[in-house]
Each structure stands twice: as structure tokens, then as C-alpha cells.
Amino acid sequence: MKRSPAIRAEVAADMSLLALASFDKTLAEHGRAPLRALRIDTLQVNVGKLCNQTCTHCHVDAGPARTEIMTRETMDAVLDVLRRYPELRTVDITGGAPEMNPHFEHLVEQSRAWDRHVMDRSNLTVFSVRDKHHLPKFLADHHVEVVASLPCYLAENVDQQRGKGVYGRSIEALQQLNALGYGEEGTGLVLNLVHNPLGPKLPPPQAGLEADYRDELAKRFGIRFNHLYTITNMPISRFLDDLHRSGQYEAYIEKLMTSFNPGSVDGLMCRNLISVNWDGRLSDCDFNQMLDLPVDGAAPQTIREFDLALLARRRVVTGMHCYGCTAGTGSSCGGAIA
Ligand code: SF4
Ligand code: SF4
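Rules and cut-offs
Residues numbered from 1 in each chain as written. Chains lettered and ligands numbered in written order. Predicted model: local features only at pLDDT ≥ 70, side-chain atom pairs only at ≥ 80, totals over all residues. Heavy atoms only, no water. Helix = DSSP H or I, 4+ residues; strand = E, 2+ residues; numbered from the N terminus. Rg over C-alpha atoms; globule rule 2.2 N^0.38 Å. Buried < 20%, exposed > 50% of the residue type's maximum accessible area, 1.4 Å probe, protein only. Areas by Shrake-Rupley, 256 points an atom, 1.4 Å probe, with all protein chains shown as cover. Lys, Arg positive; Asp, Glu negative; His and termini not counted. Charge placed at Lys NZ, Arg CZ, Asp CG, Glu CD. Near = heavy atom within 4 Å. Nonpolar A, V, L, I, M, F, W, Y, C, P; charged D, E, K, R; others polar. Core = buried A, V, L, I, M, F, W, Y, C linked by side-chain atoms within 4.5 Å. Contact = heavy atoms within 4.5 Å. Pairing = 2+ DSSP bridges. Phe/Tyr/Trp six-rings, centres within 6.5 Å; stacked < 30°, edge-to-face > 60°. Lys NZ or Arg CZ within 6 Å of the ring centre and 35° of its normal.

A. Summary view of the overall build of the chain. Secondary structure summary: the chain contains 12 helices and eight strands in total. The C-alpha atoms of the chain give 19 Å as radius of gyration, which agrees with the globular expectation for 338 residues (20 Å, within 12%). With the C-alpha coordinates of the chain rotated into their principal frame, the extents come out at 50 × 45 × 40 Å. Going through the 338 residues of the chain one by one, you find that 56% of them count as buried. Here the chain displays about 14000 Å² of accessible surface, and carbon together with sulfur accounts for 53% of that area. Positive and negative side-chain charges of the chain, numbering 36 and 41 respectively, have mean locations separated by a distance of 1 Å.

Below is the structure:
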């Protein structure tokens with residue numbers, strides 16, 4: 001049974017309270033508390049929850065009916081921050097399907113004009129949506145790194161998690177990107193793939209799985225890519241609902257907790273990025289954003305109040321879900337950490 005937003009918020013709050021007692025305690029036991037940012041070199045911009053898919057594991061609860069989307073005014077405030085702080089070298093654009101925001105191309109163009117590295121976290125199938133067919137060429141022309149979701153190299157697993165027909169459309173999109181030079185040495189056009197497990201288990205070792213993806217995708221479709229990132233499913237939103245529905249919540253949390261790896265703490269993404277919500281509020285990461293956890297109260301709260309020096313030394317707001325980032329080899333936007 002699907003829980004109401006109110007119950008989901010309650011669960012999130014419970015998780016956060018629990019975590020104050022346990023995740024921070026675990027960090028302290030390893031001499032790593034409190035968790036603080038080290039610097040900010042990446043501005044992660046979530047341009048909205050609108051998406052052409054409704055994947056079962058989605059931590060954003062994104063879909064075609066979502067109306068939360070970054071306005072041009074908020075995006076201009078984001079761009080103003082980029083203009084003011086050249087230290088923010090990378091703009092990491094996410095969603096939803098970020099390309100469905102009508103101002104997506106404006107954000108890319110302006111960021112590239114200021115020589116920032118731009119990443120587009122794409123679901124690939126958006127390229128076959130009406131009015132979006134030009135996007136692969138647009139991304140190539142602007143030298144945007146594409147970070148593309150492909151949870152498996154087998155059709156049945158992808159379609160089970162992401163929807164019927166998604167695998168075939170994803171493969172077509174990857175072939176289009178390859179034809180433009182993505183994933184090919186010497187072009188500078190970077191194509192990275194993202195794997196997340198099908199259910200409540202940790203991802204397998206990244207290097208071995210990357211080799212399997214490379215072999216299988218080359219053999220079946222002639223597809224090339226640069227790297228594979230393995231990402232742990234976070235106990236948030238739809239995946240959390242699913243864990244509760246299937247009675248696997250406790251077992252999964254226990255697995256994440258008992259797999260805590262202190263070697264992952266230095267590489268946690270909250271230590272070098274800041275995440276901007278579609279409405280301009282700031283969080284330590286996209287996961288905290290989805291749990292409505294703002295940055296620490298002593299730091300500026302919105303993009304309009306952005307102060308790099310204050311935010312770069314903020315204390316990170318943690319929660320039970322943080323065990324998802326520190327389990328096993330660790331998990332971040334750039335895959336395994338340790
Ligand atoms: S996981 Fe990505 S593609 Fe799937 S619904 Fe969420 S935002 Fe959309
Ligand atoms: S979820 Fe991960 S990235 Fe976010 S605050 Fe927790 S440890 Fe940091």
C-alpha cells in the first residue's frame with residue numbers, strides 16, 4: 001500500500017532522529033564526528049521532479065505528473081552564484097529528468113560560457129521524447145559530460161526497474177551518443193553509466209561490473225562508454241516504500257549499518273558539493289533534499305543567500321540514510337568511494 005506524503009515525511013523524520021543517535025555515533029566511534037564539509041567545488045542543481053519515467057527505486061519520487069520545477073528566476077540566482085564564485089568548477093545537473101525543465105539549455109549554455117564543467121544526469125529515454133530529439137547533439141556541442149542510468153546490461157532487469165521498453169530506448173540513446181563521439185578516446189566527450197542494484201542489496205565491486213558492462217554492451221550493440229559508477233539504493237521515497245511493503249526495511253538498514261566502512265568517509269559527496277533544490281533551498285546532498293533536510297541552521301539556507309566561505313565549513317546534517325553512502329565500498333554521485 002502506498003503511504004501518504006504525511007506518513008512518508010514522518011518516516012523521514014524518524015529516520016533522521018534515529019540517525020542523530022546512530023550514524024553520528026558510528027562516526028564518533030571511528031573518530032570521524034562531527035561530519036563537516038571540506039570545501040565546495042561542485043554545485044549540484046536539481047532542476048525539478050518532472051520526469052518521463054516512474055522508476056520503482058526513484059529517491060526523488062519523480063514522474064510525469066510532478067509540477068515542482070525550477071523557474072527561470074531561481075535558475076538565474078544559481079547562475080549568479082556561479083558567476084560570483086569561480087571556485088565552483090562543476091555544475092552537476094539532476095532531476096527528475098533535468099532536460100524536461102524548459103530552462104535546462106539556458107543553464108548549460110551559460111555555465112559552459114563561464115568554462116564550467118557541466119554534467120547532465122540523464123535517464124537516456126528523454127532523448128526520444130517529443131521536442132527533445134536535438135538534445136544529444138546539443139550536449140555534444142557544449143561538451144557536457146553525460147552520466148546515464150543503466151542499472152543492468154540485460155533488458156529484463158532494466159525494464160523491471162525502470163518501465164517497459166526503457167532498455168530498448170536507452171540502447172538507442174547510447175548509440176546516438178556514441179555516433180556523436182561520446183565514450184570515444186580523444187573526443188573529450190565523456191559518457192559514464194550508472195548501475196544500482198535491483199533490490200535491497202549492495203552493488204557488486206565496481207571494477208568487475210564495469211568490465212562485464214563493457215564486454216556485454218560492446219558484444220551486443222557495439223556501445224562504448226568511459227566508466228561505470230555503482231550506486232547504492234538509498235532507503236528514501238519509492239525505494240523506502242518498497243522496503244516497507246515487502247517487509248525488508250529492517251534487514252536492509254541492518255545490512256547498511258553493519259557494512260559501515262570508515263574508509264568511505266573522506267570521499268562522501270556532501271564534503272565537496274552543495275545541492276540546490278528546485279525552489280532554491282540548499283541541502284548537503286540530493287538525498288537530504290528529498291528528505292526535506294536543509295543545510296545546518298548556522299549556514300545560509302537558500303541560493304539567494306549563498307556564501308561560499310560559510311557553506312564550505314558547515315556541519316553536514318546526517319540521517320539514517322547516510323549509512324547508504326558508507327556501506328561496503330561506499331556510494332556517491334561518482335560511484336564507489338573506497
Ligand atoms: S530514477 Fe531517474 S529516470 Fe527514474 S523516475 Fe527517478 S528521476 Fe526519473
Ligand atoms: S546521504 Fe550521503 S552525501 Fe548525503 S549527507 Fe548523508 S553521507 Fe552525506
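There's plenty left to go through after this.
B. The site of ligand 1, seen in detail. What surrounds ligand 1 is the set Cys-51, Gln-53, Thr-54, Cys-55, His-57, Cys-58, Ala-62, Gly-96, Asn-123, Arg-162 and Arg-238. Its residues assigned to classes, the shell around ligand 1 shows four nonpolar, five polar and two charged.

C. Structural detail: the nonpolar core. If you look at the biggest cluster of nonpolar residues, it comprises 97 residues, and the most contacted ones within it are Leu-43, Leu-193, Tyr-213 and Phe-306. Phe-306 has contacts with Leu-43, Val-81, Arg-84, Tyr-85, Leu-88, Ile-274, Leu-282 and Leu-311, leaving out every residue within four places of it along the chain. Counting five residues, the second largest nonpolar core, distinct from the first, contains Val-147, Val-194, Tyr-229 and Ile-231.

D. Here's a closer look at unusual backbone geometry. With an omega of -10°, the peptide bond between Ala-33 and Pro-34 qualifies as cis. If you trace the backbone, Pro-34 turns up in the loop between helix 1 (5–29) and strand 1 (42–46). The backbone phi angle of Asp-115 is positive, close to 65°, even though this residue is not glycine. Relative to the assigned elements, Asp-115 resides in the loop between helix 3 (104–113) and strand 3 (117–122). With phi around 60°, Asp-292 is a residue other than glycine that occupies positive phi space. Looking at the secondary structure, you find Asp-292 in the loop between helix 10 (286–290) and helix 11 (308–312). Its relative accessible area of 52% is what places Asp-292 among the exposed residues.

E. Spatial organisation of the sheet that holds strand 1. Read from one edge to the other, the open sheet built from eight strands follows the order 6-5-4-3-2-1-7-8, with strand pairing classed as mixed. Looking at the sheet topology across the chains shown, the edges are occupied by strand 6 (227–230) and strand 8 (282–283). Pairing of strand 2 (residues 90–94) with strand 3, which is carried by four bridges, proceeds in the parallel orientation. Counterpart to Val-91 in the pairing with strand 3 is Val-118.

F. Representation of the packing of aromatic side chains within the structure. Summed over the entire model, instances satisfying the criterion amount to seven aromatic pairs. Here the aromatic rings of Phe-23 and Tyr-323 are separated by 5.0 Å at their centres, their planes lie at 90°, and the arrangement is edge-to-face. One end of the pair, Phe-23, is in helix 1; the other, Tyr-323, is in helix 12 (residues 323–326), and 300 residues separate them in sequence. Exposure remark for Phe-23: the relative accessible area of 1% places this residue in the buried category. Using a relative accessible area of 1% as the deciding quantity, one classes Tyr-323 as buried. Residues Phe-239 and Tyr-252 carry aromatic rings whose centres are separated by 5.5 Å and whose planes lie at 80° to one another, so their mutual orientation is edge-to-face. Of this pair, Phe-239 sits in helix 8 (residues 237–245) while Tyr-252 sits in helix 9 (residues 249–258), and the two are 13 residues apart along the sequence. A relative accessible area of 1% means that Tyr-252 is categorised as buried. Ring pairs connect the aromatic residues Phe-23, Phe-260 and Tyr-323, which therefore count as one cluster. It is Arg-214 that lies over the ring of Phe-225; its NZ or CZ is 4.5 Å from the centre.

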